[in-house]
Amino acid sequence: MTPAPRKRRVFPFTAIVGQEEMKLALLLNVIDPRIGGVMIMGDRGTGKSTTIRALADLLPEIDVVAGDPYNSSPDDPDLQSAEVRARAEQGEELPVEPRQVPMVDLPLGATEDRLCGTIDIEKALSEGVRAFEPGLLAKANRGLLYVDEVNLLDDHLVDVLLDSAASGWNTVEREGVSVRHPARFVLIGSGNPEEGELRPQLLDRFGMSVEVRTVRDPELRVQVVDQRTNFDSDPDSFNNAVQTTQDALQARVVAAQRLLGQVQIDDDLRIRISGICGELDVDGLRGDIVTNRAARALAAFEGRTEVTEDDVSRVVACCLRHRLRKDPLEQIDSGDRVVKMFCKVFNRSDSGDRSAFELALAA
């Protein structure tokens, strides 16, 4: 069956100039969603929203059970709603349709009912039945959930969001209706540190953190402006011009997802990763786990089945800097403390050159 043509005209991922750290962190989370999402902190107008929408458009379509509001997988019980699972257990052949990976924006003014779901009032009045109306968490299942200005989000919504992100499920109890459905999504948050602090428990739930800054180089700024102008003038021609590059990156991501299960990380590297976390006094074990997963995803993305010391050096700052006990003089740690500890544990000289510790796409 020929997939339906894409309806959205989205600026292509491979045409985005700069912001390499943000782009690769997002790709690693798509390769292994268990990393736990990305917190993007930085200046306004640096292409955060554009990049995230472009990522959703880059990804290949997924197979879902036709008509299911939760994007249920036709063959994975952990990604199926209760209704779909019951149908599958009865031996019903589930109808399948391709669907673009969902990308859901969570607006700051959203209510808890809009996020989690609520009672379908129309059905209750017209048919006299208590039916559930799915919310944004249902729509985001198997996709991306983006929260812009996450540092301004109400605390009660943050708590709901974190519970779902951690468990992969959303449970709703409303007026005698009890619903539990899968909510597996890559959580992406963005914000400007100048506009408000983030609770430490919220920061810790994000697998990786990246910083984005306004491009200062005049030639790069002109390139960004020209790219955007050309896209706005003729989106179809612009997209067609980079389609080959888009297809190549999509194929690379799919290959990495398949290879991930074969990637190994030896005991010595894992002990040293935990040594860095211990020396930095990182609370809990989430930092150890995320660093291991990110290093494996990076190796898979580059087509390797063995994690190297260089893989760890490239991801370690993004995985740990937001988990450190806060320096009162810094809004968010730049990663220098992590790099210094890496050099100590791995017996490297700290020359001040940070190029080996940058998360960037390999040439």
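Residues numbered from 1 in each chain as written. Predicted model: local features only at pLDDT ≥ 70, side-chain atom pairs only at ≥ 80, totals over all residues. Heavy atoms only, no water.

A look at the overall build of the protein chain
Then comes step 1: Broken down by element type, the protein chain carries 15 helices and eleven strands.
Then comes step 2: For the protein chain, the C-alpha radius of gyration of 21 Å lies close to 21 Å, the compact-globule estimate for 363 residues.
Then comes step 3: Across the 363 residues that make up the protein chain, the buried fraction comes to 48%.
Then comes step 4: Contacts in the protein chain between residues at least 24 apart in sequence constitute 76% of all its contacts with a sequence separation of at least 6. (Helix = DSSP H or I, 4+ residues; strand = E, 2+ residues; numbered from the N terminus. Rg over C-alpha atoms; globule rule 2.2 N^0.38 Å. Buried < 20%, exposed > 50% of the residue type's maximum accessible area, 1.4 Å probe, protein only. Contact = heavy atoms within 4.5 Å.)

Let's talk about the packing of helix 12 (residues 267–279) against helix 15 (residues 336–345)
How two helices sit against one another is set out by the angle between their axes and by the gap between those axes.
Then comes step 1: Across the interface, helix 12 lies against helix 15 with an axial gap of 10 Å and an inter-helix angle of 130°. Judged by the inter-axis angle, helix 12 sits oblique to helix 15. Where helix 12 crosses over helix 15, the two elements pack in a sense that is right-handed. Residues Arg272, Gly275, Ile276 and Glu279 of helix 12 touch helix 15, and the partners they reach there are Met341, Phe342, Lys344 and Val345. (Axes fitted to C-alpha atoms, helices over the stretch in contact; angles between N-to-C directions. Parallel < 35°, antiparallel > 145°, perpendicular 65-115°, else oblique. Left-handed = near helix turned anticlockwise from the far one by under 90°.)

Let's talk about the pattern of salt bridges
Then comes step 1: Per the stated rule, a full pass over the model turns up 17 salt bridges.
Then comes step 2: With its nearest N and O atoms 3.1 Å apart, the salt bridge here joins glutamate 92 to arginine 87.
Then comes step 3: Overall, the relative accessible area of 38% leaves glutamate 92 in the partly exposed class.
Then comes step 4: With its nearest N and O atoms 3.9 Å apart, the salt bridge here joins lysine 344 to glutamate 279. You can see lysine 344 sitting in helix 15 and its partner glutamate 279 sitting in helix 12, a full 65 residues away along the chain.
Then comes step 5: Through salt bridges that share partners, Glu21, Glu211, Arg213 and Arg321 make up one connected network. (Salt bridge = Lys/Arg side-chain N within 4 Å of Asp/Glu carboxyl O.)

What about the environment of alanine 166?
Then comes step 1: Mapped onto the fold, alanine 166 is located in helix 7 (residues 155–167).
Then comes step 2: Overall, the relative accessible area of 55% leaves alanine 166 in the exposed class.
Then comes step 3: Residues alanine 166 and leucine 269, 103 residues apart in the sequence, show an inter-C-alpha distance of 26 Å.

So, helix 14 (residues 309–320)
Then comes step 1: Taking 1.5 Å per residue, twelve residues should reach 16 Å; helix 14 reaches 16 Å between its end C-alpha atoms and fits that length.
Then comes step 2: The buried fraction of helix 14 is high, at ten of twelve residues.
Then comes step 3: Taken together, the buried positions of helix 14 are Asp311, Val312, Ser313, Arg314, Val315, Val316, Ala317, Cys318, Cys319 and Leu320. (Expected span 1.5 Å × (residues − 1).)

Some thoughts on unusual backbone geometry
Then comes step 1: Positive phi values are uncommon outside glycine, yet glutamate 149 reaches one of about 55°.
Then comes step 2: Overall, the relative accessible area of 17% leaves glutamate 149 in the buried class.
Then comes step 3: One non-glycine residue, aspartate 281, adopts positive backbone phi at about 60°.
Then comes step 4: Relative to the assigned elements, aspartate 281 resides in the loop between helix 12 and helix 13 (286–301).

Overview of the layout of surface pockets
Gaps left between atoms are located by rolling a probe of water-molecule size over the structure's atoms.
Then comes step 1: Here the largest pocket is characterised by a volume of approximately 1,200 Å³.
Then comes step 2: Along its surface, the largest pocket is lined by 43 residues, and Asp32, Pro33, Arg34, Arg184 and Val186 are the ones closest to its centre.
Then comes step 3: Of all elements in the fold, only helix 1 (20–31), strand 2 (62–65), strand 7 (143–147), helix 7, strand 10 (185–191), helix 11 (243–259) and helix 13 reach the threshold of two or more residues within the lining of the largest pocket.
Then comes step 4: Grouping the constituent residues of the lining of the largest pocket by class yields 23 nonpolar, eight polar and twelve charged. (1 Å grid on protein atoms, 1.4 Å probe; cavity = no way out; pocket = protein on both sides within 12 Å on 5 of 7 lines; lining within 4 Å. Points joined across faces, edges and corners; volume = space filled by probe spheres on them. Nonpolar A, V, L, I, M, F, W, Y, C, P; charged D, E, K, R; others polar.)

Some details on helix 12
Then comes step 1: Between its terminal C-alpha atoms helix 12 stretches 18 Å, which fits the 18 Å expected from 13 residues at 1.5 Å a residue.
Then comes step 2: Along helix 12, the residues classified as buried are Leu269, Ile273, Ile276 and Cys277. All buried residues of helix 12 lie within an arc of 95° about the axis, which places them on one face of the element. Of the exposed residues in helix 12, those oriented more than 90 degrees away from the buried face are Ile271 and Gly278.
Then comes step 3: By the N-cap criterion, in which a side-chain oxygen at the helix start approaches the backbone nitrogen of a residue two or three places on, helix 12 is capped by aspartate 266, the distance to aspartate 268 being 3.2 Å.
Then comes step 4: One or two residues past the end of helix 12 sits aspartate 281, with phi positive at roughly 60°. (Arc of directions from axis to C-beta. Polar contact = N/O pair within 3.5 Å; in protein donor to acceptor, adjacent residues only side chain to side chain.)

Comments concerning the confidence of the model for the protein chain
Then comes step 1: Mean pLDDT for the protein chain: 84, with 90% of residues reaching 70 or above.
Then comes step 2: Averaged pLDDT values for the elements of the protein chain fall to 63 in helix 5 (residues 121–127) and rise to 95 in helix 13. (pLDDT = per-residue confidence, 0-100.)

Examining the packing of aromatic side chains
Then comes step 1: Taken as a whole and assessed by the stated rule, the structure comprises four aromatic pairs.
Then comes step 2: Between phenylalanine 11 and phenylalanine 231, the ring centres sit 5.2 Å apart and the planes meet at 70°, which makes this aromatic pair edge-to-face. Separated by 220 residues along the polypeptide, phenylalanine 11 in the segment before helix 1 and phenylalanine 231 in helix 9 (residues 218–233) bring together distant segments of the chain.
Then comes step 3: Classification of phenylalanine 11 as buried rests on a relative accessible area of 9%.
Then comes step 4: Judged by centre distance (4.2 Å) and plane angle (15°), the ring pair of phenylalanine 342 and phenylalanine 346 falls under stacked. Across the pair, phenylalanine 346 and phenylalanine 342 agree in class, each one buried.
Then comes step 5: Of the aromatic side chains, those joined through ring pairs into one cluster are Phe11, Phe231 and Phe238. (Phe/Tyr/Trp six-rings, centres within 6.5 Å; stacked < 30°, edge-to-face > 60°.)

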